[in-house]
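# Coordinate inspection notes
Listed below, chain by chain, are the residues.
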Amino acid sequence: FFFLMIRRPPRSTQSRSSAASDVYKRQPPRSPLLLSVLIGTGTQIVTMTGFLLLFTLIGFASETHRGSLVTTCIILYVFLGFVAGLVSARIYKMLQGVHWLWCTIFTAMFYPATCFIIFNIINLFLVAERSSGSVPFTVFVALIALWFGISAPLVFLGGLIGYKSPAITHPCHTNPVPKRIPSQPWYLRKRYVFWIGGAIPFGTVCIELYFILTSMWHHYFYYLFAFLMVIIVLFSMTLACISIIITYLQLCNGDFRWWWKSFISTAGTAVYFVLMAVYYYLTELEVTRVSSMVLYFGYTLILAITFFIFCGTVGFFASFIFVRKIYSLIKSD
């Protein structure tokens, strides 16, 4: 579908070499701090997912042991804070950001604080109904201790090393004055890219997501972790391909603002996950209590945010590697 949209071949080598300076122009993209925080956090989540699947395959973490998957996930996320700080610092420095301290603070606080607030709201409803599923106060103390005692210092350590390292150099010279961007086709506008780019990758995981939701809310055991790893690899490859195609079409049409669009084009998959979760709630569950509804949609929101950052990060790095590769092969004028 996307290849049929290419109405003309790529530009000649000479025109691409003159356009290369605009792709890596000196003016950074909008909100470089937010983009760096999302990419750093997403790298942490992607790495955590890989290690979690590896541990489940070797039998270190199993769903048959109550809470082992969640515990392993939290521990992995905490100790991978160094990766988040390092990547966000490297990206922010490449985008010529100056507020490095705020970048590191937001990297350490943004995603954990969002999940912690949602988790607290869920727990308040459970405590109000005196549910046995409510989390005791000691667990919150332990989570805060892991957050501020291990994760945040590791994020700052990674950020310090990232800022002290040399900046990522561009494969071509940069143009201080960006050229005028021509009018873009309708399918390259952000609102269409968001919906179209997210639909195709979602088709590769929608059936597996159904089984995962069934395992979560109907208390079934999920054993197909090897098959899940294959699905996630295929899903990541689909995300990368979609992001590269959209970036390629965008560059062919003279729009060098690919940074945010490479992230948004695949992050839209999370919206389809939310729609699927709502459909599953209406058709597969019989919920009568308010606390159960808050529990379901609260955890769905946490998963959707995680899904959003995961998909956007994979798409961003795919386009990042693609753009650097194609313009490193072009001789600058």
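Owing to the predicted nature of the structure, the values given are computational and were not obtained by experimental measurement. (Residues numbered from 1 in each chain as written. Predicted model: local features only at pLDDT ≥ 70, side-chain atom pairs only at ≥ 80, totals over all residues. Heavy atoms only, no water.)

Here we take up the nonpolar core. Most often, soluble globular proteins have nonpolar side chains that are buried together. Among the nonpolar cores identified, the biggest contains 51 residues, and Trp259, Phe307 and Phe316 are the most heavily contacted of them. The element that contributes the greatest number of residues to this core is helix α11 (residues 290-328), accounting for 13 residues. Once you skip the residues sitting within four places of it in the chain, Phe316 turns out to touch Leu35, Ile39, Ile91, Ser243, Trp258, Trp259, Ser262 and Phe263. (Core = buried A, V, L, I, M, F, W, Y, C linked by side-chain atoms within 4.5 Å. Buried < 20%, exposed > 50% of the residue type's maximum accessible area, 1.4 Å probe, protein only. Helix = DSSP H or I, 4+ residues; strand = E, 2+ residues; numbered from the N terminus. Contact = heavy atoms within 4.5 Å.)

Tallied over the entire structure, the rule returns one salt bridge. A salt bridge links Glu129 to Arg289; the shortest N-O distance between them is 3.7 Å. Taken together, the residues span a long stretch of sequence, with Glu129 in the loop between α5 (100-128) and α6 (137-164) and Arg289 in the loop between α10 (269-284) and α11 at a distance of 160 residues. The exposure class of Glu129 is partly exposed, given its relative accessible area of 35%. (Salt bridge = Lys/Arg side-chain N within 4 Å of Asp/Glu carboxyl O.)

Counted by the stated rule, this structure contains 29 aromatic pairs. The interplanar angle of 40 degrees and the centroid separation of 6.3 Å between the aromatic rings of Phe51 and Phe55 together place this pair among those described as tilted. Of this pair, Phe51 and Phe55 both sit in helix α2 (residues 32-57), four residues apart, which is roughly one turn of that helix. On the basis of relative accessibility, which here comes to 22%, the residue Phe55 falls in the partly exposed class. Connected via pairs of aromatic rings, a cluster forms that spans Phe116, Phe119, Phe140, Trp147 and Phe148. (Phe/Tyr/Trp six-rings, centres within 6.5 Å; stacked < 30°, edge-to-face > 60°.)

Along the chain, Val78 falls in helix α3 (residues 68-79). Accessibility expressed as a relative area gives 5% for Val78, which makes it buried. A C-alpha to C-alpha distance of 9.4 Å links Val78 and Val155, two positions 77 residues apart in sequence.

This part covers the packing of helix α7 (residues 190-217) against α11. Running from N to C, α7 and α11 point in directions that differ by 135 degrees, and their axes come no closer than 13 Å. With respect to each other, α7 and α11 are oriented oblique. When the axes of α7 and α11 are compared, the crossing they make is right-handed. Contact residues: α7 offers Phe194, Val205, Leu209, Met216 and Trp217, while α11 offers Leu295, Tyr296, Tyr299, Leu303, Phe307 and Phe308. (Axes fitted to C-alpha atoms, helices over the stretch in contact; angles between N-to-C directions. Parallel < 35°, antiparallel > 145°, perpendicular 65-115°, else oblique. Left-handed = near helix turned anticlockwise from the far one by under 90°.)

What follows is about the confidence of the model for the protein chain. Put simply, the protein chain has an average pLDDT of 82, and 84% of its residues get 70 or more. Helix α4 (residues 81-94) holds the highest mean pLDDT among the elements of the protein chain, 93, whereas helix α1 (residues 13-23) holds the lowest, 48. (pLDDT = per-residue confidence, 0-100.)

The end-to-end C-alpha distance of α5 is 42 Å, a good match for the 42 Å that 29 residues give at a rise of 1.5 Å each. Within α5, the axis deviates most sharply at Met109, by approximately 30 degrees, and proline Pro112 lies no more than four positions further along. By the burial criterion, the buried members of α5 are Cys103, Thr104, Thr107, Ala108, Tyr111, Pro112, Cys115, Ile118, Phe119, Ile122, Asn123 and Leu126. On its buried face, α5 sits against α2, α3, α4, α6 and α11. After α5 finishes, the residue Arg130 shows a positive phi value of roughly 55 degrees. (Expected span 1.5 Å × (residues − 1). Bend = angle between axes of the 7 residues up to and from the residue.)

Looking now at a nonpolar patch on the surface. On the surface, Ile117, Ile121, Leu124, Phe125, Val290 and Met293 cluster together into a nonpolar patch covering about 540 Å² of accessible area. Elements supplying a minimum of two residues to the nonpolar patch: α5 and α11. In terms of residues, the nonpolar patch owes the most to one element, α5, which gives four residues. As for its position among the elements, Val290 is in helix α11. (Patch = residues over 30% accessible without salt bridge, like charges linked within 9 Å, V, L, I, M, F, W, Y side chains within 5 Å. Areas by Shrake-Rupley, 256 points an atom, 1.4 Å probe, with all protein chains shown as cover.)

Once that is clear, we can look at α10. Between its first and last C-alpha atoms α10 spans 22 Å; for 16 residues at 1.5 Å apiece the expected length is 22 Å, and the two agree. Of the surrounding secondary structure, the elements contacted by the buried residues of α10 are α7, α8 (225-252), α9 (259-267) and α11.

It is worth spelling out the packing of α8 against α11 at this point. As a packed pair, α8 and α11 sit with axes 8 Å apart at the nearest point and diverge in direction by 55 degrees. Between α8 and α11, the crossing angle belongs to the class labelled oblique. In this structure, the crossing between α8 and α11 has a hand that is right-handed. Across the interface between the two elements, Phe235, Ser236, Leu239, Ala240, Ser243, Ile244, Thr247, Tyr248 and Leu251 of α8 pack against Phe307, Phe310, Cys311, Val314, Gly315, Phe316, Ala318, Ser319, Phe322, Val323, Ile326 and Tyr327 of α11. The residue makeup of the contact of α8 with α11, split by class, is 16 nonpolar, five polar and no charged. (Nonpolar A, V, L, I, M, F, W, Y, C, P; charged D, E, K, R; others polar.)

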